[in-house]
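Descriptive analysis of the structure
The residues making up each chain are set out below.
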Amino acid sequence: MFQRPRGTRDFGPDEMARRQWALDVMRKVAISRGFGEIQMPIFEDIELFTKKSGPGIVEELYAFKDKGDRDIALRPEMTAQVMRFYVNEMTSLPKPIKMFYFGPCFRYENPQSGRYREFYQFGAEIIGSNTPETDAEAVALASSMIESIGLDNYVIRLGYIGILRNMLRDLKLTEEKISEGMHYLDKNDEAKFTLFAKDNRLPDDKVRGMMSIRNMKGGIEILDGLEECSAKAYLQEFMGCLSLLGVKNCQLDLGIVRGLDYYTGMVFEIDAPALGAEKQVAGGGSYDLVPLFGGEQVFTTGFAIGFDRILIAREKESTITIDAGIDAYVVPMSDGTRKTAIELVAALRKSGLSVDFDIMRRSLSKNLKYAASIGARNVVIIGDKELAKGAATLRDMATGEQKEISMASIAEAISRKKQN
Ligand code: HAM
C-alpha cells in the first residue's frame, strides 16, 4: 500500500464540489472588481524564492535539481512569480494592473490541522499605484471574497510594517540583520529578539519603543499614540478609504510583521478565530520585489487567501450544501432496449441536460438504488413493452411517482420539471 506524502490531501467528489463552488464564487467577485486571472508554473528557479522571501520561507522550500542540473523549487507562494511575470512581459501594460490567481503552493512545514505541505492559495496583486485607496482596494477584495462564501466570523488586522522596519533601519543595521530581527518579531520570539538586540547593541529605549509599537492594537484612536509621521497619515487615510468601501471587521495592529520579507508599508492579516492555532486565513500588504527582479521601481500591493483554511472556517459555521446530482439516469431493462437507451442518453445530453446511464447492465432495483446514491432527480426506464409503443417510464426520484411518456417528449418533460 502506498501512503499519501505527509501534509498532502486527496479530495473526493463531494469535497471537490464544495471547493469548486467556493472557487467559482470568489473568482466572480475578483472579476467583478476589474481583476484579471493569471496562472504561473508550479516550479521555478530556486533563486526567485531565496532572493527576498526571507528565512521563514527558505527553510521550508521543496527544492531539487532537475536533469539539466538546475536548482528548482516548488513554489511556496505566488507573489514572487507574479513579479517575475510582470518584469518579463507586462511592464508596458496600462496601470494599474489588477490580477488574481489560484493554485497549489508547497511548504515543508510541520503538518497539522489547517497547515499542510501542499495547500492552495487564492491571491491578488495590484501593480503601479501607490495611493491609500490602492491598498484599500486590495483589502476590500479579500474581505468581499471571504464574505462571498458566507464566512461571517473573521477579523481584519491592519498594520504598517514600515514603522518597525524603519526603526531597525535607523539603527544602521544591515538589511540581513533587519530581516533577522523582523523574523523574531514575526515569530513572537521575545527571548530571541532580546538576544538579537543585545548582540547588535541596540539601545534599550529603542528596543522598548519597538516593543510598545508591537503591542499597539485597537481602533483608529490608537494612532493618537504615534508620533506624527508619514506612516500615521497614510494609515489614517487608508482606514478612511476602507470605511468608505464598506469594509467591516477592521482593527489596527501595529505589531504585524508577516512571515515573508518583502513587505514595506501597509500589511494586513485576516483571522478566523474559530480555527484556533491556524486561524490566519489571509495575509498581504504592499511590498517591494520588482527592482530586485530587474524591473523599474513600481508600487505593488496584494494578498493571498489560504483557500483550504477559509473553507474549514466556513464549514465550521455551517455545512455548504451544493445542488449536486444529475437531471436523469437512464436504465434499459433488456438487451433489446439498450441501443435506444444509449441514443436517448446522447439526445438528452445534447439538449443540455445532465444525464448518466446504466453501464453495468444491472437489475432495475440495483439501478434505482444507484441512481438515488448519485442524486439523480429522474430515472428513465426503457422496457420492451413501452418501447414497442415508442414510450418509456419517467420516475420522479423525490416522490417515487412514475408515468409513461412518449420518447419524443422526455427531454421537454425533464426540462419543464427542472424549471418548476
Ligand atoms: P502568507 O501569509 O505566507 O502570504 O500566505 C497566505 C495565506 O496562505 C496564509 O494566511 C494562510 O492562510 C495560507 N497558508 C500559508 N501556509 C499554509 C500552509 N502550510 N497550509 C495551509 N495554508 C497556508 C503569502 O503567501 C503572500 N504571497 C501573500 C501576498 C500576496 N502578499 C502580497 N501579495
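As a starting point, this report considers the structure included with it.

Cut-off values and rules
Residues numbered from 1 in each chain as written. Predicted model: local features only at pLDDT ≥ 70, side-chain atom pairs only at ≥ 80, totals over all residues. Heavy atoms only, no water. Helix = DSSP H or I, 4+ residues; strand = E, 2+ residues; numbered from the N terminus. Buried < 20%, exposed > 50% of the residue type's maximum accessible area, 1.4 Å probe, protein only. Areas by Shrake-Rupley, 256 points an atom, 1.4 Å probe, with all protein chains shown as cover. Lys, Arg positive; Asp, Glu negative; His and termini not counted. Charge placed at Lys NZ, Arg CZ, Asp CG, Glu CD. Pairing = 2+ DSSP bridges. Near = heavy atom within 4 Å. Polar contact = N/O pair within 3.5 Å; in protein donor to acceptor, adjacent residues only side chain to side chain. Nonpolar A, V, L, I, M, F, W, Y, C, P; charged D, E, K, R; others polar. Contact = heavy atoms within 4.5 Å. Phe/Tyr/Trp six-rings, centres within 6.5 Å; stacked < 30°, edge-to-face > 60°. Axes fitted to C-alpha atoms, helices over the stretch in contact; angles between N-to-C directions.

Focus: the overall build of the protein
When helices and strands are tallied, the protein shows 15 helices and 17 strands. Here the protein holds 420 residues, and 50% of them are scored as buried. For the protein, the exposed area adds up to about 21,000 Å²; of that, 50% sits on carbon and sulfur atoms. The distance from the centre of the 56 positive side-chain charges to the centre of the 60 negative ones in the protein is 6 Å.

Brief notes about the pairing of strand E5 (residues 97-106)
Most of E5 is tucked away: 9 of the 10 residues are buried. Alignment of strand E1 (residues 36-37) against E5, held across 2 bridges, turns out to be parallel. Across the sheet, residue glycine 36 finds its bridge partner in E5, namely methionine 99. Pairing of E5 with strand E6 (residues 118-127) involves 10 bridges; the strand directions are antiparallel. If you follow phenylalanine 106 over to E6, its bridge partner there is glutamate 118.

Some thoughts on the site of the ligand
Near the ligand, the surroundings consist of 26 residues, among which Glu77, Thr79, Glu109, Tyr263 and Gln280 are the closest. In the environment of the ligand, a nitrogen atom lies 2.5 Å from a nitrogen or oxygen atom belonging to the side chain of glutamate 77. Side-chain polar atom of glutamate 125 to a nitrogen atom of the ligand: 2.8 Å apart, as the coordinates give it. Among the secondary structure elements, those contributing two or more residues to the shell around the ligand are E6, strand E11 (280-287) and strand E12 (300-306). The dominant element in the shell around the ligand, judged by the number of residues it contributes, is E11, at 6 residues. Its residues assigned to classes, the shell around the ligand shows 11 nonpolar, 8 polar and 7 charged.

Focus: helix H4 (residues 79-90)
Where burial is concerned, most of H4 is hidden: 9 out of the 12 residues are buried. All buried positions along H4 are accounted for by Thr79, Ala80, Gln81, Val82, Met83, Phe85, Tyr86, Val87 and Met90. On its buried side, H4 packs onto strand E2 (43-45), helix H2 (47-50), E5, E6, E11 and E12.

As for the packing of aromatic side chains
Inspection of every chain in the model, using the stated rule, returns 14 aromatic pairs. Arranged with centres 6.2 Å apart and planes meeting at 70°, the rings of phenylalanine 11 and tyrosine 120 form a pair that is edge-to-face. Taken as a pair, phenylalanine 11 in the segment before helix H1 (13-32) and tyrosine 120 in strand E6 lie far apart in primary sequence, 109 residues in all. With a centroid separation of 6.2 Å and 55° between ring planes, the pair formed by phenylalanine 102 and phenylalanine 122 is classed as tilted. Note that phenylalanine 102 is positioned in strand E5 and phenylalanine 122 in strand E6, a separation of 20 residues in sequence.

Things to note about the sheet that holds strand E3 (residues 63-65)
What the 3 strands build is an open sheet, ordered E2-E4-E3; its pairing is antiparallel. Strand pairing shows two members of the sheet lacking a second neighbour, E2 and E3, which therefore form its edges. Each strand axis lies, on average, 35° off the axis of its neighbour in the sheet, ignoring direction. Here E2 pairs with strand E4 (residues 71-74) via 3 bridges, running antiparallel. Bridge pairing links glutamate 44 to alanine 73 in E4.

As for the pairing of strand E16 (residues 391-396)
Most of E16 sits out of view: 5 of its 6 residues are buried. In this sheet, E16 lies alongside strand E15 (residues 376-382) in antiparallel orientation, the contact comprising 4 bridges. Looking at E16, one finds that isoleucine 381 is bridged to threonine 393. Bridge count between E16 and strand E17 (residues 402-406): 5 bridges; the pairing is antiparallel. Bridge pairing in E17 links leucine 394 to lysine 403. Linking two consecutive strands that pair antiparallel, namely E16 and E17, is a turn of 5 residues; a positive phi of about 80° is found at glycine 400 within it.

Structural notes on unusual backbone geometry
A cis amide bond, omega 0°, links lysine 95 with the succeeding residue proline 96. Mapped onto the secondary structure, proline 96 falls in the loop between H4 and E5.

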